[in-house]
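# Coordinate inspection notes
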Amino acid sequence: MEKNTIVNDRYKILGQLGKGGFGQVYKVHDLVKKINLAMKVDINSRGSTLVESSILQDIQGGEGIPKLYDSGKIQDLTYMVIELLGPHLNMMRKSLNGFSLNTILLLFSQCLTRIEYLHTHDYIHRDIKPQQFLIGPKDVIYLVDYGISKKYIIDGRHMSFQSQCSRAGSCSYASINCHIGIRLSRRDDLESLMYMIVFLIRGALPWQTKAKANDNRKWQVIFAQKRAILDEELFNGCPKQLQQIFVYVKSLKFDEKPNYAYIRDMIQTIRNEFSLKSKMLDWKILERRHKSLDKRKTEEENTKILSKGKTTKKKCSKKNNRGLAMATLTSLPAHEDSHEVPHLRLPLPIGTSKTLLSGLDLSSNSSKGETVKNSFPEFIHRKHIFRELNKFRMLFTFSER
Ligand SMILES: Nc1ncnc2c1ncn2[C@@H]1O[C@H](COP(=O)(O)OP(=O)(O)OP(=O)(O)O)[C@@H](O)[C@H]1O
């Protein structure tokens, strides 16, 4: 839809936020409520956004679940209007050249909680991947895209086991059951989540291929690789508890309720092992550092002006705070600990994100590993990061509400 088009006399299109296989998502201005929102329009005229909005309606109220404002029809297209959110995890990961282990574990925990919430409301998501987790206000991670979600509790009973089902979701993150046509259940959302965590840690999955998306051949090639890989290989370079969680998830029966608390305990065990105490996500650390650098610069400039004999103090203008990406998102959480990180050695078998390595000391794995001497986040070029983060700021408009 063209910019400035007004949908149903109410929603002014401000620009496109994203495009998926099912819908196009636009940033819109609600002329009645006078706030910016996101509008998802069904591009296939199949009414899928109406189905999605009814699922969203059923699960309203949970933390990290986008608020549903409206849904309707424009000629033969259906649409729904939801809360406007920020970039997805993969966008942020790319911009920061990877996440620290601390951030990945914090994200893991939030994503798990979203999935648990959905499961306790009788739905399975069926398309878990980094692109479905969006950063929202106060750094709450939101789960989006319920386009192929499904109710697994019908009349109070778990749906029945079935084979020869058609596949659903995204090939790279699909569970083995999905590949072999077994009906998806709660365990498959968690298996996809584990692939997502491996992706966030290593920067790639071993089976990502150059084949075209949705290509039948791609599903076959990836399935062959997924089935052949040993758990040790998949989790090479990762904290050992992640492999244990994966083994547990794969042991779940079709209708078994996952033990989310066990997974959460394992995440905490990793945090304890690596002495990770901070609850601050990587982009917040950057923002904070940038703020203090800017403050120092302003103070230095003021001192210079004063020493030149001028009596008027230069005000700290908004201009001086350039590049404070996402500063409008939320007030900063309390600073809990130091974010200095040790140097470490790690084997880096596939596109491992270097940022992960901050805060991680896997010295027992170090013999074949390459040395990465990084003191997060200085090794990332500051200008580059803030140029990237500023791009995101274009999407973040929470302050406009
Ligand atoms: N509420 C929102 N606020 C901001 N951006 C959003 C919002 N919802 C979706 N997006 C953006 O639009 C993209 C596509 O949205 P969504 O996943 O809902 O569409 P889809 O067609 O179902 O996608 P897929 O083909 O991946 O299933 C998201 O990855 C995200 O970048």
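The name given to the protein chain in an unreviewed UniProt entry is Casein kinase I, and the organism recorded there is Stentor coeruleus.

Below, the discussion takes up the UniProt feature "binding site: ATP" (unreviewed entry) in the protein chain. Per the UniProt record, "binding site: ATP" (unreviewed entry) is annotated on Lys40. With relative accessibility at 11%, the residue Lys40 sits in the buried group. With residues near it in sequence (within four places) discarded, Lys40 still touches Gly23, Gln24, Val25, Thr49, Glu52, Thr78, Tyr79, Met80 and Asp145.

So, on to the site of the ligand. Around the ligand, a shell composed of 20 residues is seen, among which Gly21, Gly23, Lys40, Glu83 and Asp145 lie nearest. Here an oxygen atom of the ligand and a backbone polar atom of Gln131 are 3.4 Å apart. Between the ligand and Gln132 there is a distance of 3.4 Å, counted from an oxygen atom to a side-chain nitrogen or oxygen. Protein chains shield 90% of the accessible area of the ligand, which is 620 Å² for the free molecule. Of all the elements in the fold, those that place two or more residues in the shell around the ligand are β2 (11-19), β3 (23-30) and β4 (35-42). Its residues placed into classes, the shell around the ligand shows eight nonpolar, seven polar and five charged. Domain assignment of the residues forming the shell around the ligand places at least three in each of domain 1 (6-83) and domain 2 (89-289).

Glancing now at the pairing of β2. Bridging between strand β1 (residues 6-7) and β2 involves two bridges; their strand directions are antiparallel. Across the sheet, Ile6 pairs through a bridge with Lys12, a residue of β2. The hairpin formed by β1 and β2 contains three residues between the paired strands, and Asn8 there has a positive phi angle of roughly 50°. Bridge count for β2 against β3 is seven bridges, and the pairing is antiparallel. Residue Ile13 lies in a different strand from β3, and its bridge partner there is Val28. The turn joining β2 and β3, which pair antiparallel and follow one another in sequence, is formed by three residues.

Once that is clear, we can look at the packing of aromatic side chains. According to the stated counting rule, one finds eight aromatic pairs in the structure shown. Seen in terms of ring centroids, Tyr173 and Phe199 are 6.1 Å apart; in terms of plane orientation they differ by 80°. Their pairing is edge-to-face. Of the two residues, Tyr173 is situated in the loop between β12 (157-158) and α4 (176-179) and Phe199 in helix α5 (residues 186-202); the sequence distance between them amounts to 26 residues. Tyr173 gets classed as buried once you look at its relative accessible area, which sits at 6%. Between Tyr248 and Tyr262, the aromatic rings sit 5.0 Å apart at their centres with planes inclined by 65°, giving edge-to-face as the arrangement. Of the two residues, Tyr248 is situated in helix α8 (residues 240-251) and Tyr262 in helix α9 (residues 260-273); the sequence distance between them amounts to 14 residues. For Tyr262, a relative accessible area of 27% translates into the label partly exposed.

Quick notes on the rules
- Position labels on residues start from 1 in each chain and follow its written sequence.
- Totals for whole chains, interfaces and linings use all residues, but because this is a predicted model, local features are given only for residues with pLDDT of at least 70 and pairs of side-chain atoms are given and counted only at 80 or more.
- Side-chain measures were taken over the full set of non-hydrogen atoms in the model, leaving aside hydrogen atoms and water.
- UniProt positions are given in the numbering used here, feature names are shortened, and annotations may be inferred rather than shown by experiment.
- Throughout this description, buried means an accessible area under 20% of the type-specific maximum (1.4 Å probe, protein chains only), exposed means over 50%, and partly exposed covers the range between.
- The contact criterion used is simple: two residues touch if any of their non-hydrogen atoms lie within 4.5 Å.
- We call a residue near a given molecule or strand whenever any one of its heavy atoms falls within 4 Å of it.
- Pairs of N or O atoms within 3.5 Å make up the polar contacts considered here, provided that, within protein, one atom can donate a hydrogen while the other can accept it, and that residues adjacent in sequence are counted only when both atoms are side-chain atoms.
- Shrake-Rupley sampling with a 1.4 Å probe provides the accessible areas, and residues are treated as covered by the protein chains on show and by no other component.
- Helix and strand definitions follow DSSP, with helices as H or I runs of at least four residues and strands as E runs of at least two, each counted in order from the N terminus.
- Ten residue types, Ala, Val, Leu, Ile, Met, Phe, Trp, Tyr, Cys and Pro, are classed as nonpolar, four, Asp, Glu, Lys and Arg, as charged, and the remainder, Gly among them, as polar.
- Domains are outlined according to an automatic or database domain assignment.
- Pairing between two strands requires that DSSP report at least two bridges joining them.
- The aromatic pairing rule takes the rings of Phe, Tyr and Trp, using the six-membered ring of Trp, and pairs them if the centres are within 6.5 Å, calling planes under 30 degrees apart stacked, those over 60 edge-to-face and the rest tilted.

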